[in-house]
Amino acid sequence: MKRKDFLSAIVPLGATLSAMATGKDLSEPEIPLTIPPYLQKGDMIGICCMAGSISVAGIQPAINKMEEWGFQIKVGKTIGEKDFSFGGTDAERLEDLQQMMDDPSVKAIMSARGGYGTVRIIDGLDFKKFAIHPKWIIGFSDVTVLHAHLNRNYGIASLHSKMCNSFPEDWSKAESLQIETIESIRKCLLGEKMQYAASINVNNKTGIGTGALVGGNLKTLETLAATKSDLITKGKILFIEDTDEYMYSIDRMLWNLKRTGKLAQLKGLIIGGFKLKPDDPNEEFGRTLEEIVLEKIKEYNYPVCFDFPVGHQKNNFALKYSVQHQLTVNGNSASLTEIR
């Protein structure tokens, strides 16, 4: 290749990298939001394994409760299946989820549990029928793959929430917080307007921001970078959570968000639960979660809320993914309100 041709080839790449570093918009036009029909009593919810395995007994408390709510339940073929850690082979999980997506009698699909495996089947799914007749996809953690994919490619809202393995066997012994968070799934599915409050954290950044709510598991979001499931965050409220990671890993993943421009043009940032591995005493990272986050967003001007009730914890409320919300943070309170 001649030098002139070589320079012509690399200049667009250099411009792209520069724009990413400065947070300039590189995104394609936004896809209009589609909210799946809210459920009515008598509607059917399908349950399948998108990732990790679980027994029929393991989902029975969820079946009992959702039937008590007035819904019918369809148990997928992958429930009880096991391929090492997976709830069946990739082909089995793909077929089960595809059948649920295409079945007109199924109005919502709940992932039985998280784990790992959704990214292994996402590119094999056919969304043509689903895009015409969308339904609520329910779950969090590894299901972030589906939430992000639906947002990026179809503009279809979904439900970031607890899954079957979070329903207690004995409701009489369940904590009020656990009951309240699971009840939030029912409220979202029935179409109630949602509002959430977070405990005050002195590191919060005050302000008001309005935008579509997107995000999820931080590690999963990192793995989706530069794929066709990658999130566009410009003008949106981003929420993140994670578990079982070292502090330096959280720092690295947040640098990824910053360097790819995903933190630059937000309307708000929500930091949910982070269950961290303890540092090696000889290799302490020496920074708190709040310090790590604030370092990455110090030049940006939007509200930031720490300790929000979402993540791998009992305090994990259902959130309508891709739907417009308003984040309000002041010295005395922090709230997230769905906008109608």
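Topologically, Ile200 is positioned in the loop between strand S6 (195–198) and strand S7 (207–217). Residue class for Ile200 comes out partly exposed when judged on its relative accessible area of 44%. Linking Ile200 and Cys305, residues 105 residues apart in sequence, is a C-alpha distance of 8.4 Å. When neighbours within four sequence positions are excluded, Ile200 is seen to be in contact with Gly331, Asn332, Ser333 and Ala334.

Below, the discussion takes up the confidence of the model for the protein. Confidence in the prediction for the protein averages 93 pLDDT; 92% of positions are at 70 or higher. Confidence drops under pLDDT 50 across residues 1–26; counting only partners more than four residues distant or on other chains, this segment forms 16 contacts.

A word on the sheet that holds S7. Reading across from one edge, S6-S13-S12-S7-S8-S9-S10 is the order of the seven strands in this open sheet, with mixed pairing throughout. Two strands lie at the open edges of the sheet, namely S6 and strand S10 (304–305), each paired on one side alone. As paired elements, strand S12 (residues 324–329) and strand S13 (residues 334–338) share five bridges and run antiparallel to each other. Looking at S13, one finds that Val329 is bridged to Ala334. Together, strand S8 (237–245) and strand S9 (268–276) form the strand contacts of helix H8 (residues 247–259), whose direction differs from that of S8 by roughly 150°.

Considering the arrangement of structural elements, one finds His149 in helix H5 (residues 144–153). Linking His149 and Lys228, residues 79 residues apart in sequence, is a C-alpha distance of 7.2 Å. Setting aside chain neighbours within four positions, we find His149 in contact with Ile122, Phe127, Tyr154, Lys228 and Ser229.

Here the structure, examined in full by the defined rule, presents one cavity of 30 Å³ or more. Taken as a whole, the largest cavity holds about 60 Å³ of empty space. Along the walls of the largest cavity sit Leu221, Glu222, Leu224, Ser229, Asp230, Leu231, Thr233, Leu238, Asn256, Leu257 and Lys262, which together make up its complete lining. Going through the elements one at a time, helix H7 (218–223) and H8 are the ones with two or more residues in the lining of the largest cavity. In terms of residue class, the lining of the largest cavity is built from five nonpolar, three polar and three charged.

Another point: the packing of H8 against helix H9 (residues 289–296). Helices that pack against each other are described as a pair by the angle of their axes relative to one another and the distance between those axes. Two elements in contact, H8 and H9, have axes whose closest approach is 10 Å; the angle formed by their N-to-C orientations is 15°. Of the possible angle classes, the one that applies to H8 and H9 is roughly parallel. Once H8 is placed against H9, the crossing between them reads as right-handed. Across from Met247, Ile250, Asp251, Leu254, Trp255 and Lys258 in H8, the residues of H9 making contact are Leu289, Ile292, Val293, Glu295 and Lys296. Of the residues contributing to the contact of H8 with H9, the split by class is seven nonpolar, no polar and four charged.

This part takes up the pattern of salt bridges. As enumerated under the stated definition, the model contains 16 salt bridges in all. With its nearest N and O atoms 2.8 Å apart, the salt bridge here joins Glu295 to Lys296. A salt bridge links Arg340 to Glu338; the shortest N-O distance between them is 2.8 Å. Take Glu338: its relative accessible area is 2%, and that puts it in the buried class.

It is worth spelling out helix H2 (residues 56–68) at this point. The terminal C-alpha atoms of H2, which comprises 13 residues, lie 18 Å apart, in line with the 18 Å expected from a rise of 1.5 Å per residue. A bend of about 25° at Ala62 is the largest found in H2. On its buried face, H2 sits against strand S1 (44–48), strand S2 (72–75) and strand S3 (106–111). Where H2 terminates, the next one or two residues include Gly70, which has phi positive at roughly 105°.

Relative to the elements of secondary structure, Asp279 occurs in the loop between S9 and H9. With 32 residues separating them in the primary sequence, Asp279 and Met247 have C-alpha atoms 7.3 Å apart. Ignoring any residue separated from it by four or fewer positions in sequence, one finds Asp279 in contact with Tyr246, Met247, Glu284, Phe285 and Gly286. Within polar-contact distance, the side chain of Asp279 engages the backbone nitrogen of Phe285 at 3.0 Å.

As a further point, take H5. Judged by how many residues are buried, H5 sits mostly within the fold: eight of 10 residues are covered. Residues of H5 that are buried: Thr144, Val145, Leu146, His147, Ala148, His149, Leu150 and Asn151.

At Phe84, a position not held by glycine, the phi torsion is positive, near 55°. The residue Phe84 is located in the loop between S2 and helix H3 (90–102) in this model. Assessed through its relative accessible area of 73%, Phe84 is described here as exposed. Positive phi, close to 60°, is recorded for Asp244, a residue that is not glycine. The topology assignment puts Asp244 in strand S8.

Cut-offs and rules
- Residues numbered from 1 in each chain as written.
- Predicted model: local features only at pLDDT ≥ 70, side-chain atom pairs only at ≥ 80, totals over all residues.
- Heavy atoms only, no water.
- Helix = DSSP H or I, 4+ residues; strand = E, 2+ residues; numbered from the N terminus.
- Buried < 20%, exposed > 50% of the residue type's maximum accessible area, 1.4 Å probe, protein only.
- Contact = heavy atoms within 4.5 Å.
- pLDDT = per-residue confidence, 0-100.
- Pairing = 2+ DSSP bridges.
- Axes fitted to C-alpha atoms, helices over the stretch in contact; angles between N-to-C directions.
- 1 Å grid on protein atoms, 1.4 Å probe; cavity = no way out; pocket = protein on both sides within 12 Å on 5 of 7 lines; lining within 4 Å.
- Points joined across faces, edges and corners; volume = space filled by probe spheres on them.
- Nonpolar A, V, L, I, M, F, W, Y, C, P; charged D, E, K, R; others polar.
- Parallel < 35°, antiparallel > 145°, perpendicular 65-115°, else oblique.
- Left-handed = near helix turned anticlockwise from the far one by under 90°.
- Salt bridge = Lys/Arg side-chain N within 4 Å of Asp/Glu carboxyl O.
- Expected span 1.5 Å × (residues − 1).
- Bend = angle between axes of the 7 residues up to and from the residue.
- Polar contact = N/O pair within 3.5 Å; in protein donor to acceptor, adjacent residues only side chain to side chain.

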